[in-house]
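Overview (structure and organization)
The primary structure of each chain is shown beneath.
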Amino acid sequence: MKLIHSTLAVAALATLTPSMPLMAQAAPLSVPAGEYVLEKTHASLTWKINHMGLSYYTARFTSFDSTINLDPKTPTNSTVSVTIDPRSVKTDFPFPEKEDFDKVLGTDEKWLAGDKHPEIRFVSTGIRRTGPNSGQITGDLSFRGVTKPVTLAATWNGAIEHPFRKKPVFGVSAKGTIKRSEFGMTNYIPMIGDEVFTEPEKVIELADGEPGPTPLVVPAPTVLEGQRRRRPGGRPHLTGGHL
């Protein structure tokens, strides 16, 4: 009944997807260049699907990752990748004593087929600015053994210097839609919708590279919390709070 990202970004994108907003900025970014990774304690990847025309059934993935290779001078040259474990799907099914519904969705070949295809992957192929704080990330989504192009709409939520830690913080949101039938998941269509809507929310941390100037970008309504510290070996490490 569902599916992927993003994802991103997811994703992602998602994922997605932290890089998504960064890419959406028109001007150079006041952050260090390098590889950024998902700060997993402050990230989410939800999806929803129409159920019998009455409501949108909503669930999430709990095991996913994202990497962004950031070019702050020309953000549209940056790249995004997102990976998702389909077996990590969580639905909050209310009768676990009757059925392990999450396991059925995550592993059954009629659904996410996680045992046969244990990874959903999104790899960006291009980034385009659509507004002052928005952009589109196009990429290839591999799911259930099929790879198709998808597009994520990304929003740069803002960046500030943390008022207490005196360190840079930033946030990103994204949305994407896929047709599950294009990936071989056709059961119960149209009673259960064909379109799957994904919404990754992400925080990223710097995994490599040299420290750059403290970012103080135009703030937006939603910001992240975070702090920079040093990893062993002196590498900078940027951790974020909630997107």
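Because the structure is predicted, anything quoted here is derived from the model rather than measured. (Residues numbered from 1 in each chain as written. Predicted model: local features only at pLDDT ≥ 70, side-chain atom pairs only at ≥ 80, totals over all residues. Heavy atoms only, no water.)

1. Description of the pairing of strand β5 (residues 79-84)
The cut-off we apply is this: Type-normalised accessible area, obtained with a 1.4 Å probe on protein chains alone, sets the label of each residue: buried when under 20%, exposed when over 50%, and partly exposed for intermediate values. To qualify as a helix, a DSSP run of H or I must reach at least 4 residues; to qualify as a strand, a run of E must reach at least 2; elements of each kind are numbered from the N terminus. In this description, strands pair whenever DSSP reports at least two bridges between them.
On β5, burial follows the alternation: V80, V82 and I84 on one face are buried, whereas T79, S81 and T83 on the facing-out side are not. Bridge count between β5 and strand β7 (residues 120-131): 4 bridges; the pairing is antiparallel. In the strand pairing of β7, S81 is matched with V123.

2. Thoughts on the pattern of salt bridges
Here is the rule we go by: Any Lys or Arg side-chain nitrogen located within 4 Å of an Asp or Glu carboxyl oxygen qualifies as a salt bridge.
Tallied over the entire structure, the rule returns 6 salt bridges. Note that D85 is salt-bridged to R87, the shortest N-O span being 3.1 Å. For R87, a relative accessible area of 39% corresponds to the partly exposed category. A salt bridge links E119 to R121, with the nearest nitrogen and oxygen atoms 3.0 Å apart.

3. Details of the environment of L141
Among the secondary structure elements, L141 is positioned in strand β8 (residues 134-143). The spacing of L141 and F183 is 42 residues in sequence and 9.7 Å in space, taken between C-alpha atoms.

4. Points about the confidence of the model for the protein chain
Quick note on the threshold: As a per-residue quantity, pLDDT reports the predictor's confidence and falls between 0 and 100. Here, residues are in contact when the closest pair of their heavy atoms is within 4.5 Å.
Summing up the model confidence of the protein chain, the mean pLDDT is 75 and the portion of residues at 70 or higher is 65%. Overall, residues 1-26 carries pLDDT values under 50, and its contacts beyond four positions in sequence, including any with other chains, amount to 187 contacts.

5. A short note on the packing of aromatic side chains
Each pair of aromatic rings is reported with the distance of its centres and the angle of its planes. To be explicit about the condition: Paired rings are identified among Phe, Tyr and Trp, the last through its six-membered ring, by centres lying within 6.5 Å, and are further divided according to the angle between planes into stacked (under 30 degrees), edge-to-face (over 60) and tilted (the rest).
Summed over all chains, the structure comprises 6 aromatic pairs. Residues W111 and Y188 carry aromatic rings whose centres are separated by 6.0 Å and whose planes lie at 10° to one another, so their mutual orientation is stacked. Residue W111 is located in the loop between α2 (101-107) and β7, and its partner Y188 is located in the loop between β10 (168-179) and β11 (192-202); the two are separated by 77 residues in the primary sequence. Given a relative accessible area of 49%, Y188 falls into the partly exposed group. Within the aromatic cluster, the residues linked to one another by ring pairs are F93, F95 and F101.

6. Points about unusual backbone geometry
Cis peptide bonds are those with omega within 30 degrees of zero, and the linkage from I189 to P190 qualifies with 10°. Positionally, P190 belongs in the loop between β10 and β11. Phi at D92 is positive, roughly 60°, even though this residue is not glycine. Tracing the sequence through the fold places D92 in the loop between β6 (89-90) and α2. On the accessibility criterion, D92 (60% relative accessible area) is exposed. Of note, the phi angle at R144 is positive, near 55°, even though the residue is not glycine. Summarising the element assignment, R144 is placed in the loop between β8 and β9 (146-161).

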